Structure formats: C-alpha cells, structure tokens
Amino acid sequence: MNILEIIEKKRDKKELSKEEITYFIKGYTNDTIADYQASALIMAIYLNGMTKQETTNLTIAMANSGQTLDLSSIGEVIVDKHSTGGVGDKVSLILLPLVASLGVSVAKMSGRGLGFTGGTVDKLESIPGYQTGIDISSFIENVKRIGISMISQTLNLAPADKKIYKLRDSISCVESIPLIASSIMSKKIASGAQKIVLDVTCGSGAFMQSKEKAEELASEMIEIGKLANRETICILTNMDEPLGYAVGNSLEVIEAIESLKGEMPEDVKEVVLELGAYMIKLAGKGEDIEENKVRLLKNIANGKGYETFIQLIENQGGDASYIKDINQFPKATYIEKVYSLKEGYIQSMNAKEIGKIVCNLGAGRIQKEDSIDNAVGIVLNKKVSDKVEKDEELLTIYANSKEKLEEAKRRLLEVIKIQDKIVEKPKMILEIMK
Ligand code: URA
C-alpha cells in the first residue's frame, strides 16, 4: 500500500478500505506522509465525498491517532458540547460556565478559528494569561475541583484531526460532511465525552448552508455516536447572520461577559438555553427541558454563571481583572462607526461574508501559521428584521490598519441588505435530532 495509490483511488471516486484510511492517518500523524500528499487526498475527499463506512473508519482512525482520555475518575457523566462552527459564535464561553454553575461537569476541548469562522480557543487566549495548553492531569484535576476546564487540542488527543484541521483551513477544504463529522466526533471520542450535545449550525455563516445538508451532517454524527456508544443529540441552529452583535476575538469575549451578567442578545440566549437544557438533561441533572431553561435563566440573573466564568479564568492563569473591567482589553487603533445609507428593515447580513471581512481585518488566519489580532472585528448595532433609519448607526468597525478599515467599511455596506418591507424575525432553533 502506498499513499499515491490511495490518492488515486479517491481521486477516481472509489471507496477506501479501513486499512487504507488507517494507513493515511498513521502516516500523516507521524510525518511520513507529506503535507502536499495529504492536501491532495483531502481535496479528493472534499470533491468526491465518502461513504458512511469510510467516514466512520476515518473517525475511528483519527480518534485512535493519539491518546484517548478516560474521564471516569471525575465520577460524573461528562456531557460535551461542540459547534460545527459559525460567525460570532461565543456560545461555549457563556453556556459552559453557566451549566457548570448548575452542577454539570464540563471538560471541554475547543478548537481554533477555521475558515471564516471563529474558534473558542482563540477567544479564550485573548484573555491575558489564560492557559489553553495545560496537561491532562491538570485538566482532569480542574474539573474535579471547580467543575469546569476549557482547553485547546494541545494535548496528544486526536493529533491527526489537529493536523488535518489546520491543513483543511489552509487549502479551502472545510465545508465537507465527512471531514467535519470525523473531525468533531474523533475529538469527542478521544476526549472521553460520554454524551454529546452538538450545535449543528445552518445558513450563510455555517459550513452547511441548507437545512438538508445540516440534517445530513447531524445524522452522520448521531450514527457515529451510536457506533461509539456515545449518546449524541444535534440541535440545528440558524447561522444566517452573525450570532449576537460582536464578531472578533476580544469583542466576543466582552459580549460573553456581558451576557453572563444578564445582557445577552436574544438570538444568543435562545441557542444557549436550548443547548444548556439538553446538556443538563444528558448529565442526568434535570429531565424537563423547559424547567432546565428556567434554571439556566436563574443562574444568569443571580450571577452564578458569571462567578463560575471568573473562577474558570482565574483557575487557568487568566487575568480576571479584564473580566471585571472590560475596558482593560487592548483597543484597536481605528474605531469607526458605519451609518446606514437608507431607511428600511434589515433583510439579511450574510454571515460568511462578514466572517471573511473580519478575518481580513486580522481576526482569523489566511496561512496556517498566521498569528491573529484579538482586538479587531465589528460590533453590529442591528439584527435582521430591525428597523433602521437613514444615517442611523449600523455597526462599529475595530481595525488596526486604515486600509483594512476602509475595505471592511465598503464591503460591509454591500453585505448588509436593507429593504422597504417588514422582515420577519428569524427562528433560531430549527430542529432537534437524536
Ligand atoms: N469544528 C470542528 O471541530 N471540526 C470541523 O471540521 C468543523 C467544525
């Protein structure tokens, strides 16, 4: 067997065997298969797809490419949460401390930005001092001691996914059902989650643009969950416009802090409550979904979710004074408001375009080694369906280059569509699949 034959087979739309998939994953993980060969195979998978059997074999090979975690010593059911990606998606930052404040143990391994979407690890790292790369024993110890730890994939868990994830990001091969399903489920299996709640995003700012595609991705992940004996629930959520108002790393952290203090945008709240209610249920801490939502709301109102967030940040070396005083976050050099050119109702704000604009400001990576600028991004003033007057403030841009600021302004004014007729408020929770 050699990698050229495997690439050729997938290029010619043939099904790969379990042995071939395992050979590729082992070789790429231990660097005997080069990036350019892996790129060719990943592109062939992207273009020609995979059968369910191939996707399952890929997931298992990636999950077994490094260590696998056993979280049973925590003594609680570990329910993990993962999103298939979005723009302005700060849900993990709000939801996880919130459910932890209700006694659900959270052992969360998050990702970095991918394509035009942001990543929780990049957002957490915009808090000075916060350590995302702690070792496994400290990770488990943190969960036992304070009920929550959030880290990056720096441990030797699913290292094949770590490499392929970065590679996909740098060769425009992200939006693929087998690649997303295997990426997410391999991490969840390797990281020892017993039950999994997945936020399967759908719309212009998601990797799955249509509901049908999101359903297909969800059912693939549910099936892999069944085979791996991990109960998996998928919540299909709307990602047609950015989630909340802020897009950009520290701007989203600030929005998450304000949300935990009670100022949560309505769309973010809907998603947080639905996912949270299911996490509580799967953890065995509350059967009734509506009652669970009430409990979540209570822990926002009484500040317990916020306190748990501070505890999480302090426990992992972060400087909590930034959380207590958000003015300490470094500010971009250019902060400029953008005003509406006409009156009407916001018809659409293509989230993918907005994600790309924010990436170009410096919040995301173009090359896989690129560093990111935490201070840049945008904060919207309006959401789809809102009424806007001519010359009313639409959004604020945070940039560190005058040229990039001007380009972002021009592109944003094109992306935000305004119409005369009233626009209906979009529904956030599209479907729940088990
Ligand atoms: N999140 C992941 O972890 N992997 C993907 O491929 C997409 C979103």
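Quick caveat: nothing in here was measured; it's all calculated off a predicted structure.

1. A short note on the state of the cysteines
Counted under the stated rule, the structure contains zero disulfides. Unpaired in terms of disulfides, cysteine 202 finds its nearest cysteine sulfur in cysteine 234, a separation of 12 Å. The class of cysteine 234 is buried, set by a relative accessible area of 0%.

2. Comments concerning the domain arrangement of the protein
Interfaces are often described in size by the accessible area the parts lose on coming together. Structurally, the protein comprises domain 1 (3-49), domain 2 (72-324) and domain 3 (331-419). The gap between the C-alpha centroids of domain 2 and domain 3 is 25 Å. Together, the buried faces of domain 2 and domain 3 total about 2,100 Å²; carbon and sulfur atoms form 56% of this surface. Sorting the residues of domain 2 by area buried against domain 3 places Glu241, Tyr245 and Leu251 first, and these three jointly supply 28% of that buried surface. In this assembly, domain 2 and domain 3 are joined by three salt bridges. For lysine 352, the salt bridge goes to glutamate 175, with nearest N and O atoms at 3.4 Å. Inspection of the region where domain 2 meets domain 3 yields 12 residue pairs in polar contact (both at pLDDT 80 or more). At the level of secondary structure, the elements contributing two or more residues to the side of domain 2 that touches domain 3 comprise helix H8 (159-170), strand S6 (246-247) and helix H11 (249-260).

3. Quick look at the site of the ligand
Taken together, His82, Ser83, Thr84, Leu114, Tyr165, Arg168, Ile180, Ser183, Ile184 and Lys187 make up the full set of residues near the ligand. Between an oxygen atom of the ligand and a side-chain N or O atom of arginine 168, the distance comes to 2.8 Å. Serine 183 places a polar side-chain atom, nitrogen or oxygen, 2.7 Å from a nitrogen atom of the ligand. Summarising the interface, the protein chains cover 97% of the accessible area of the ligand, which totals 240 Å² for the free molecule. Given that more than half its atoms are within 2 Å of the pocket grid, the ligand belongs to the largest cavity. Looking at the shell around the ligand, the elements with two or more residues in it are strand S1 (79-83), H8 and helix H9 (177-190). With four residues, H9 is the largest single contributor of residues to the shell around the ligand.

4. Describing the sheet that holds strand S9 (residues 377-380)
What links the strands of a sheet is backbone hydrogen bonding, and the strands pair in either a parallel or an antiparallel sense. Taken in spatial order, the four strands line up as S6-S9-S11-S7 in an open sheet, and their pairing is antiparallel. Edge strands, defined here as strands with exactly one partner in the open sheet, are S6 and strand S7 (334-339). With four bridges connecting them, S9 and strand S11 (residues 393-399) associate as antiparallel partners. Looking at the pairing, glycine 377 lines up with tyrosine 398 of S11. Each of S6, S9 and S11 is contacted by helix H16 (residues 351-363), which is oriented at about 135° to S9, the strand it contacts most. On top of the sheet, helix H17 (residues 402-415) reaches S7, S9 and S11; it is set at about 20° to S7, its chief contact.

5. Looking at the pairing of strand S2 (residues 106-110)
The buried count for S2 comes to five of five residues, which makes it a mostly enclosed element. By the alternation rule, side chains of S2 split into Val106, Lys108 and Ser110 and Ala107 and Met109, which are all buried.

6. Some details on empty space enclosed by the protein
Evaluated as defined, the whole model comprises three cavities of 30 Å³ or more. The computed volume of the largest cavity comes to approximately 310 Å³. Along the walls of the largest cavity sit 25 residues, with His82, Ser83, Thr84, Gly85 and Tyr165 positioned nearest its centre. Of all the secondary structure elements, the ones that give two or more residues to the lining of the largest cavity are S1, S2, helix H6 (120-124), H8 and H9. The element best represented in the lining of the largest cavity is H9, accounting for four residues. Broken down by class, the residue content of the lining of the largest cavity amounts to five nonpolar, 13 polar and seven charged. Looking at the second largest cavity, its volume works out to about 170 Å³. If you trace the second largest cavity, you find 22 residues lining it, with Phe116, Thr117, Gly118, Ala363 and Gly364 closest to the centre.

Each value, and the rule that gives it
Residues numbered from 1 in each chain as written. Predicted model: local features only at pLDDT ≥ 70, side-chain atom pairs only at ≥ 80, totals over all residues. Heavy atoms only, no water. Disulfide = S-S within 2.5 Å. Buried < 20%, exposed > 50% of the residue type's maximum accessible area, 1.4 Å probe, protein only. Domains from an automatic or database assignment. Buried area = accessible area lost by both parts, 1.4 Å probe. Salt bridge = Lys/Arg side-chain N within 4 Å of Asp/Glu carboxyl O. Polar contact = N/O pair within 3.5 Å; in protein donor to acceptor, adjacent residues only side chain to side chain. Helix = DSSP H or I, 4+ residues; strand = E, 2+ residues; numbered from the N terminus. Near = heavy atom within 4 Å. Areas by Shrake-Rupley, 256 points an atom, 1.4 Å probe, with all protein chains shown as cover. 1 Å grid on protein atoms, 1.4 Å probe; cavity = no way out; pocket = protein on both sides within 12 Å on 5 of 7 lines; lining within 4 Å. Sits in = over half its atoms within 2 Å of the grid points. Pairing = 2+ DSSP bridges. Contact = heavy atoms within 4.5 Å. Axes fitted to C-alpha atoms, helices over the stretch in contact; angles between N-to-C directions. Points joined across faces, edges and corners; volume = space filled by probe spheres on them. Nonpolar A, V, L, I, M, F, W, Y, C, P; charged D, E, K, R; others polar.

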